[in-house]
Structure formats: C-alpha cells, structure tokens
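Listed below, chain by chain, are the residues.
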Amino acid sequence: MSIEIIETHQQTLGENVLLYPLLRQLNVAEIINQQVKSEAEIPLGSVAEILILSRFAKKRIPMYHLSGFCEKSGIDILYDIEAEKLTDDRVGRCLDAMAPDLAELKTTLILRAIKIFDLTVCQIHTDITNILFEGSYQGLGDDQLKVCWGHTKKGQDPRCKQVNFSLSVTADGGVPLWYEAVDGNTSDSVCYTPHLKALEKELGINHPLVIGDSKLVSHGNMLAFCRAGAHFIGPATLDKKEKKRLKTLWKQGGVFSELEYKALHGAPIPYWGLETERTIIDKKRKQRFLIRQIYTFSRQRREVVRHTRAKAFLKAKAALHKIIRCLNKYDYKTQQVIHSRLQSQVIKKCRYYQIQLNEDKESRFSISYAIDWQLMREDEMFDGIYLLRTNLKKDTFSMSAVLCSYKEQPQIERCFSTMKQPPIQVSPLWLHLPQRIESLLFIVFIALLIVMLLQREGRKKVAKKQIPLRVGGRDDLPLTAKVLLAAFDSIAIVSVTFIENGSLRTEKKCTRLSPAQMQVLLALGFEPPSQYWVKSTI
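Residues numbered from 1 in each chain as written. Predicted model: local features only at pLDDT ≥ 70, side-chain atom pairs only at ≥ 80, totals over all residues. Heavy atoms only, no water.

Draft legend 1. Spotlight on the pattern of salt bridges. Taken as a whole, this structure holds 25 salt bridges when the rule is applied. For Glu41, the salt bridge goes to Lys85, with nearest N and O atoms at 2.4 Å. Of this pair, Glu41 sits in the loop between α2 (28–35) and α3 (44–54) while Lys85 is found in the loop between α5 (75–78) and α6 (88–98), placing the two residues 44 residues apart along the sequence. A residue is classified by how much of its surface remains accessible, and Glu41, at 54% relative accessible area, is exposed. We classify Lys85 as partly exposed; its relative accessible area is 26%. For Glu275, the salt bridge goes to Arg292, with nearest N and O atoms at 2.6 Å. Placement of Glu275 in strand β8 (residues 271–282) and of Arg292 in strand β9 (residues 287–298) is noted, with a sequence separation of 17 residues between them. Residue classification places Glu275 among the partly exposed positions, given a relative accessible area of 22%. Assessed through its relative accessible area of 3%, Arg292 is described here as buried. (Salt bridge = Lys/Arg side-chain N within 4 Å of Asp/Glu carboxyl O. Helix = DSSP H or I, 4+ residues; strand = E, 2+ residues; numbered from the N terminus. Buried < 20%, exposed > 50% of the residue type's maximum accessible area, 1.4 Å probe, protein only.)

Draft legend 2. Structural context of the environment of Leu513. Take Leu513: it is sitting in the loop between β14 (503–510) and α18 (515–524). Taking the C-alpha atoms as reference, Leu513 lies 8.8 Å from Ser490; in sequence the two are 23 residues apart. If we skip the residues at most four places from it in the chain, Leu513 touches Ile491, Met518, Leu521, Pro528 and Pro529. (Contact = heavy atoms within 4.5 Å.)

Draft legend 3. Layout of the nonpolar core. Ranked by size, the top nonpolar core spans 132 residues in total, and within it Leu18, Met98 and Leu167 carry the most contacts. Those residues in contact with Leu167, other than ones at most four positions away along the chain, are His125, Thr126, Asp127, Pro176, Trp178, Tyr179, His195, Ile412, Cys415, Phe416, Phe445 and Leu448. The next biggest cluster of nonpolar side chains, apart from the first, holds 18 residues, and it includes Leu327, Ile338, Leu357 and Phe365. (Core = buried A, V, L, I, M, F, W, Y, C linked by side-chain atoms within 4.5 Å.)

Draft legend 4. Quick look at the pairing of strand β13 (residues 492–500). Here β13 lies mainly inside the structure; seven of its nine residues are buried. As paired strands, strand β1 (residues 3–12) and β13 are joined by nine bridges and run antiparallel to one another. Residue pairing across strands places Thr12 opposite Ala492, the latter belonging to β13. As paired strands, β13 and β14 are joined by eight bridges and run antiparallel to one another. Looking at β14, one finds that Val496 is bridged to Glu507. (Pairing = 2+ DSSP bridges.)

That's the geometry; what it means functionally is another story.
Pasting the structure below:
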C-alpha cells in the first residue's frame, strides 16, 4: 500500500470548543429560528451564532471577512455550510430580520439562562457604558435609536459618536441579566427605572435589590424604587450638606463602629460605619419613605486620598513657582494668559492656593499667594469617608451586610471590561441602519452572556476541585473566562489530502486533548470536539 501526502490544512477550533456547547445549552439558534420567520438558505439562527462566535476571534472580524473566519476556525464544518456564502449582505439581512423580534428574543434567552443555570437573581448590579460608532448617522427618525455625540470616557476618541448601553448583571457570578440600548446623549440617571420595570414585567423578578452608582440614589430614582417596593444601595456625594449632617452626628456623640467585611480575595480590609436616617416625601401619593444613610470609613481609602492630595499639592506648587519665574517673559506678559495658566495649572489642580495677580503702573506683573490651611484641615476631617444610601430595613440588612453587597458592584465594571477588551473586544463599529445597530448590540449581549456563564461555571467547578487551578497557570487569582478560553488555543482540525492506491482522499481529524483540557470539558459537562466536529483523532 502506497500513500502520498498531497496537502495538509489546519483549522483552529480554539475557544469555540467551550463556547459552542454553551450556545447549544441556551438553544440560541433554535430560539431565533422559531421566533423569526425566514426562508433564507442558511438559517438565521446559524448566522447569528456565527456572528456571536466571531466576537471572540483573536483579531477583530469585519462582517465582510466572516466567511474567511468560518473557514479558518472550522465553523463551516460545525454548521455544515459553505463559508463563501456568508457574505456581508447575508449578515445584514439576518440583522434586519431579527430587529422586529429583539425584545421577545432577549426575554426568551435570558429566562432560559436563568432556568438552565439556576441563577440567583435577587441582587442586581446596574450601570451604563457607551459603545462607539464611526460615521455621520444623520437624518434618523424620532423613534429610532440615535447614534450621536455624548460623554466619552477617558482614552476614547471624542470624534466618534456613540450609543449608551445600560446593563444589569447578577451578583451570582456577574452574569448579564438585562440590557437597554439608548441614545448616545442619554443621562446615566435614567437607566435604573426602565431596568427595574423590565425585571418585573419581562423576567418576573419582583422587589429586587438593585445596586448602582451615585445616579441611582438621586431623589427621583429613590422615590421610584420606594413606590415599586424595590430596594437599592448606592453611594451619594459627600457634599457640604452631608458633611454638616455628619458633624452634627459627631457633636451628638455619634461614633463609628467596626463593620464585618472580608474581601473575597486578599487580606481583610477594616471598615467602620455610622448610621443615620432621612425621609423623602412623595407629594403625589402623600407618603413618606425612610432612607438609611451609612457613613462608611476606610483607613486604606484615607491613605489613598491623602497621597493623591499631597501629589496634587506639590504639582500645583511647582507649576505656580514656574509661572512666577516666567512672569513678564515669553508669553506671560498679559493678564489673560497669566490668569489662564494659573487657572489650568494651579487652581484647578489644587484648591488650597489663594492667588492674587498684581499689576504695577509699568504693566509689570507679580503674584502673591497664601495657602488655606484651614480648608485643608476641614477636608482632612472627611478623608476616607463615603456615604451609602439604602431603603433596606435594619432588621434584615445590617450596616455590614449593606457594605458587603455594595462591594460587589465592581462585577459590572469587570463585565464592561470583558465586553470592550479581549475576549469580546468591541471596537468602534460602523453600521448605517439603526435596526442593524440594535441587532448587533443583541449579538454582543449574547456573547457577553455566554462568556460570563462560562466563567461562573468554571469558578464553581474550581471551588469543587473539579477543574485544576493551574489550567491557566495561576493559583493565586480567581479563574477567568479569558484564561479558560486561552487554555484551548491548541485545539485544531487537521485536514490531510493524500493519494492511496491511486485514489485521492481527504481526511479531517481533531488534535488530541491534553489531560487538563479533558478534565475541564468533563467538569463542565461538554462533549469533546471529536464527537460533533469530526469522528477521528490523531
């Protein structure tokens, strides 16, 4: 028997070995095909799932390169399609077709995730971020999602327009539970009430505990939550009014008591709390609602604040002395220029300098200044103190319990980080039609949902010692989805074309899994890829 190898070709399965089984557990393609009527040659559910998987590619995949991505990653084999048929027109038609049914699709998939993975949904964390878009996006109708300029985050391109993306996640693993896409210039404070209504109406979650940022505890939001019988925790600004209230408490003998708080990872961090109450009035319903105010103190936070203040003070001092040396020289010869430099380089950096700009008869300038030490001592009194507001009752939630719940808020920030950085890495997008934008944001949400479910399930298995801690080469930090996905980078399908006894043949085989990879799949309840991609291994 003679064999002559003609060609070998490799398709990297990588992270899809973990992601595809999650799509099957959620029945994403099946739900889309059932709810969105279409006679397309390639089922819409398959196109949508391929779009979801493309979000995890190592390099960002434009829609017009989707066919190449399928061919290189073996997804064409998985979905039994011809890769070249996945054109950007077909993808666009898929997004158009899903747009009218997005609300129903979103609800159905989230409810299934809650049921299949037994998610605990009594505590929710909500926040808002932005997703950047490139293009002009002019002439949109009043009832369409508006891509427009808004408040860009630090490091983002201010030339890009944006859509705001509000998200709610569970405290149980930080799993995405609901999202809303709103106009790019929408205020952060308006996202909380729509989410609260959606959780109750669409998902049947009544009276949840919602944790958010300072926008959550605005007067209007607190009133809306109290009316609905829902609970909230959020940080409030320690403004002059609150500082005065805290001083009064101190004069009345109020003292901070130590709180029971232990970080999930790392050494315990000591906190202290002092509680008071205030009342908000519902004038329409003629009701009063009791709001708890918990002044929380951290020595670690105080050290950070004082270090930051000292750096700003020294930086402003150096800038002030430089301006003094340059007076009446270079371009420091007009009052307007000098005032501008003082404002931007000194006063804006450090508010403790009291500066007087003097001008003599010969139009020469001099500067006299003093430092307001009393104001600095006043600020130092409140270093390390921040305020939490909640309507939870004391007999059910102590100050320590309120603090512990609030300290889980970074979960949603990590969720945003997962979305904007690898593995999902949403970059500035370009889509012309608003309905396609909304459909693509739905795709991004499902991608975020499956990756956070993967992380949650992985951490549960690590806790039960069913997954080796060193699957990602790290024992000291919690397992992340990024680490899990990277552990499967080596998995591939190898196609070998050869001549055997005069006949041309092609065989596709899957590389063998390492013991650690097999252990991860077994712990998660996933089949090895050889069972559904190809039937033989090498």
